[in-house]
Amino acid sequence: MPRLITVITAVHAPGAGFLPEAHRSLAEQVLPDGWEWQWVVQEDGETDGVRPYLPDDGRVSFGQGRAGRAGMARTLGLSRAEGEFVKVLDADDRLTPGALARDIRALTEGAAWATSRALDLLPDGTTEGFDSDPEEGPIERGAVLDFWKAHGFRAQVHPATLCVRRDLLLALGGWMALPASEDTGLLLALNAVARGWFTAEPGLLYRKWPGQVTAAAAHRDEAERSARMGVVRERAEALALTGWEYRAPAG
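Residues numbered from 1 in each chain as written. Predicted model: local features only at pLDDT ≥ 70, side-chain atom pairs only at ≥ 80, totals over all residues. Heavy atoms only, no water.

Overview of the overall build of the chain
A tally of regular secondary structure across the chain gives seven helices and 10 strands. Taken over C-alpha atoms, the radius of gyration comes to 17 Å for the chain, in line with the 18 Å a tight globule of 251 residues would show. Principal axes of the C-alpha set define a box for the chain whose edges measure 45 × 45 × 35 Å. Per-residue burial for the chain yields a buried fraction of 51% across its 251 residues. (Helix = DSSP H or I, 4+ residues; strand = E, 2+ residues; numbered from the N terminus. Rg over C-alpha atoms; globule rule 2.2 N^0.38 Å. Buried < 20%, exposed > 50% of the residue type's maximum accessible area, 1.4 Å probe, protein only.)

As for the pairing of strand 2 (residues 35-44)
Most of strand 2 sits out of view: nine of its 10 residues are buried. In this structure, strand 1 (residues 3-11) lies alongside strand 2, joined through nine bridges in parallel fashion. Residue pairing in the sheet places Val7 in a bridge with Trp39 of strand 2. (Pairing = 2+ DSSP bridges.)

Concerning the packing of aromatic side chains
The description of an aromatic ring pair rests on the distance of the ring centres and on the angle between the ring planes. For the coordinates displayed, the defined rule picks out three aromatic pairs. Between Trp148 and Phe153, the ring centres sit 4.7 Å apart and the planes meet at 45°, which makes this aromatic pair tilted. Residue classification places Phe153 among the partly exposed residues on the basis of a relative accessible area of 36%. A ring pair is formed by Trp244 and Tyr246, whose centres lie 6.4 Å apart and whose planes are at 70°; its orientation type is edge-to-face. With a relative accessible area of 39%, Trp244 lands in the partly exposed category. Owing to a relative accessible area of 11%, Tyr246 belongs among the buried residues under this scheme. (Phe/Tyr/Trp six-rings, centres within 6.5 Å; stacked < 30°, edge-to-face > 60°.)

This is the structure:
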């Protein structure tokens, strides 16, 4: 039987129009011998606005559920994830060529989770990078939290590029139950208990557009942001204090 990597996408109706581009970037991936991918698309809600944009592809698993934001949708979709590795792909983003192969290599060579460089995809089609990317290589436990706290709650690696071992993702309870920053919360929790990997080659085109959740005024509300960042930090610190370390199996 082939080995499987599951790509999981949370989507709500306003962003569903980008799904064909996301699927195209996935269909163009060239995987290592013996590997296949599965795409789990989970609607954050129960509307008629998403299904028309889904491709006719047997590798796609579509589900719906009560609206509760992206973290809940992804975690609910996790029930259908059959892969040993789980890769995040937001509905409005695109993978770059080779992204999945690079993630598979990192995780099969001993990393518990992996991230890669992301490029902002601007409305005019141009891209823009982040000026604080680390060098390619392992990310030691606690490194992401330390950087995040020292740089205004901004991590040096992008949580939207995450690929993680499914068993570890389940052990940490999936994504945090927050209205936003749920992916940052997971990233910091992973970094508290396991070594990761950063790939310097861009793995994601992160679309910037007015309808994205992070562009909404509510996302910048200072009271909510302070609460989100507080619980994200405390969770990561509490996990670190347990002393538990996840060790990825070889191969």
